[in-house]
Amino acid sequence: MAELTYTSYIQTDALLSLQQTQSPETMDRAAVLSEHFFIVAHQSCELWLKQVIADLSLAKELLSAPFDQPAALETGTELLVRARELMRVLHEQVVALERLPLRHFAEFRPYLGTASGAQSMQFRVLGRLIGDGERDGELYGAFTRCAAAYGYDVAAICRLGVDGGALYRVAEALLDVGIGYWRWKVTHLGLVSKMIGSQGGTGGTSGEDFLARRVTVPFPELRRLRGALHDQELARTSA
Ligand code: HEM
């Protein structure tokens, strides 16, 4: 068997052959390079999404593990904290794309046809895990069941704060993942606004308006319960 090398392990040859620009060869070289940059940013997002989805899916499973396995809860928390960090990395990909010159984008955009980020299957899977401002997703469902197995509801965990131990850390990490997801959407909306203004998207939506309606902060119940703590604390201290 051939000895493993960096190139064969990371599969760099396959990886680096995947950036297939659509611009015609006659196009300005700098514009073609910008299309390459556009593809790299999207591919990087998809790669990190793969990791985030795997981390969050395993975290969800571990939250559902029998409650006499505290290590499962700790590993679940570790995965949530990692996913939170990866949401930041995903966000940075979009920030980098702000350096795409508008004239280049306008030049290669016609060659994108109807291809659109809205067709990203992985982004939909992530959306089902995290939920949105109206509906809690699969992760929150797993968390409430986990809390119940330990004899708590989420309100009690919020009230306990750091005394809630691992369950409190899970609640905090979930919220941070949600804020990271929301931040990605805000920055993406800013990028879209900067790049296409009020023009429609390649995916057939109205673009900016469509996306703005979808920018909501996830984990509505958890945020409501945490918010209620202010009133309770105020009532306690003024009693
Ligand atoms: C110049 C850069 C970008 C522009 C102009 C842009 C534009 C748009 C537009 C207009 C939409 C709405 C759907 C449509 O009609 O096409 C959309 C959705 C989307 N884009 Fe982008 N995008 C850019 C970069 C990115 C990047 C780097 C990613 C990373 C994967 C991405 C992922 C997505 C996703 C996941 C959606 C669906 C969002 C949702 O359903 O809330 N986009 N984009």
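Okay, the overall build of the protein next. A tally of helices and strands in the protein yields eleven helices and zero strands. Secondary structure of the protein in N-to-C order comes out as α-α-α-α-α-α-α-α-α-α-α. Counting only C-alpha atoms, the protein reaches 75 × 55 × 25 Å along its principal axes. The buried share among the 239 residues of the protein stands at 37%. For the protein, the share of sequence-separated contacts (at least 6 apart) that also reach a separation of at least 24 residues comes to 76%. Counting every atom, the protein has about 14000 Å² of accessible surface; 56% of that belongs to carbon and sulfur. Computed over 24 positive and 28 negative side-chain charges, the inter-centroid distance for the protein is 4 Å.

With that out of the way, let us pick up the site of the ligand. Contacts to the ligand come from 26 residues, most closely from Ser-116, His-188, Gly-203, Thr-205 and Arg-214. The backbone of Gly-203 places a nitrogen or oxygen atom 2.9 Å from an oxygen atom of the ligand. No other element matches helix α9 (residues 165–196), which puts seven residues into the shell around the ligand. Within the shell around the ligand, the residues separate by chemical class into 14 nonpolar, ten polar and two charged.

Here we come to the coordination of the iron atom of the ligand. One donor from the polypeptide reaches the iron atom of the ligand: His-188 (NE2), at 2.1 Å. Note on placement: His-188 falls in helix α9.

Here the focus is the side chain of Lys-185. As for its placement among the helices and strands, Lys-185 is situated in helix α9. It is Asp-132 that comes nearest to the buried, bridge-free Lys-185 among opposite-charge side chains, at 7.2 Å. Apart from the residues within four sequence positions on either side, Lys-185 is in contact with Phe-123, Arg-214 and Val-215.

This part takes up unusual backbone geometry. Phi angles above zero are rare outside glycine, and Gln-11 is one such case at about 60 degrees. Inspection of the secondary structure assignment puts Gln-11 in the loop between α1 (6–10) and α2 (12–16). Even without being glycine, Phe-219 reaches a positive phi, approximately 60 degrees. Take Phe-219: its relative accessible area is 0%, and that puts it in the buried class.

The next subject is the nonpolar core. Of all hydrophobic cores here, the largest spans 59 residues; its most connected members are Leu-56, Leu-126, Phe-143 and Leu-222. Broken down by secondary-structure element, the contributors of at least two residues to this core are α3 (29–63), α4 (70–97), α5 (102–108), α6 (121–130), α7 (138–149), α8 (154–160), α9 and α11 (220–238). The element best represented in this core is α9, accounting for 15 residues.

Now for the environment of Leu-211. Here Leu-211 lies in helix α10 (residues 208–213). Put simply, Leu-211 and Leu-189 are 22 residues apart on the chain and 6.4 Å apart in space, counted from C-alpha to C-alpha. Among residues more than four places away in sequence, those in contact with Leu-211 are His-188, Leu-189 and Val-192.

Applying the stated rule across the entire model yields seven salt bridges. Residue Asp-55 is joined to Arg-82 by a salt bridge in which the shortest nitrogen-to-oxygen separation is 2.8 Å. With Asp-55 in helix α3 and Arg-82 in helix α4, this residue pair connects regions lying 27 residues apart in the sequence. Looking at Asp-55, the relative accessible area reads 3%, which means it is buried. A residue is classified by how much of its surface remains accessible, and Arg-82, at 42% relative accessible area, is partly exposed. Linking Arg-135 and Asp-132 is a salt bridge whose minimum nitrogen-to-oxygen distance equals 3.5 Å. Of the residues examined, Arg-135 reaches a relative accessible area of 57% and is grouped as exposed. The partly exposed category is assigned to Asp-132, whose relative accessible area is 26%.

Cut-off values and rules
- Residues numbered from 1 in each chain as written.
- Predicted model: local features only at pLDDT ≥ 70, side-chain atom pairs only at ≥ 80, totals over all residues.
- Heavy atoms only, no water.
- Helix = DSSP H or I, 4+ residues; strand = E, 2+ residues; numbered from the N terminus.
- Buried < 20%, exposed > 50% of the residue type's maximum accessible area, 1.4 Å probe, protein only.
- Contact = heavy atoms within 4.5 Å.
- Areas by Shrake-Rupley, 256 points an atom, 1.4 Å probe, with all protein chains shown as cover.
- Lys, Arg positive; Asp, Glu negative; His and termini not counted.
- Charge placed at Lys NZ, Arg CZ, Asp CG, Glu CD.
- Near = heavy atom within 4 Å.
- Polar contact = N/O pair within 3.5 Å; in protein donor to acceptor, adjacent residues only side chain to side chain.
- Nonpolar A, V, L, I, M, F, W, Y, C, P; charged D, E, K, R; others polar.
- Donors = N, O, S within 2.8 Å, 3.2 Å for Na, K, Ca; no water.
- Salt bridge = Lys/Arg side-chain N within 4 Å of Asp/Glu carboxyl O.
- Core = buried A, V, L, I, M, F, W, Y, C linked by side-chain atoms within 4.5 Å.

Such coordinate-based values are descriptive only and should not be taken to indicate function.
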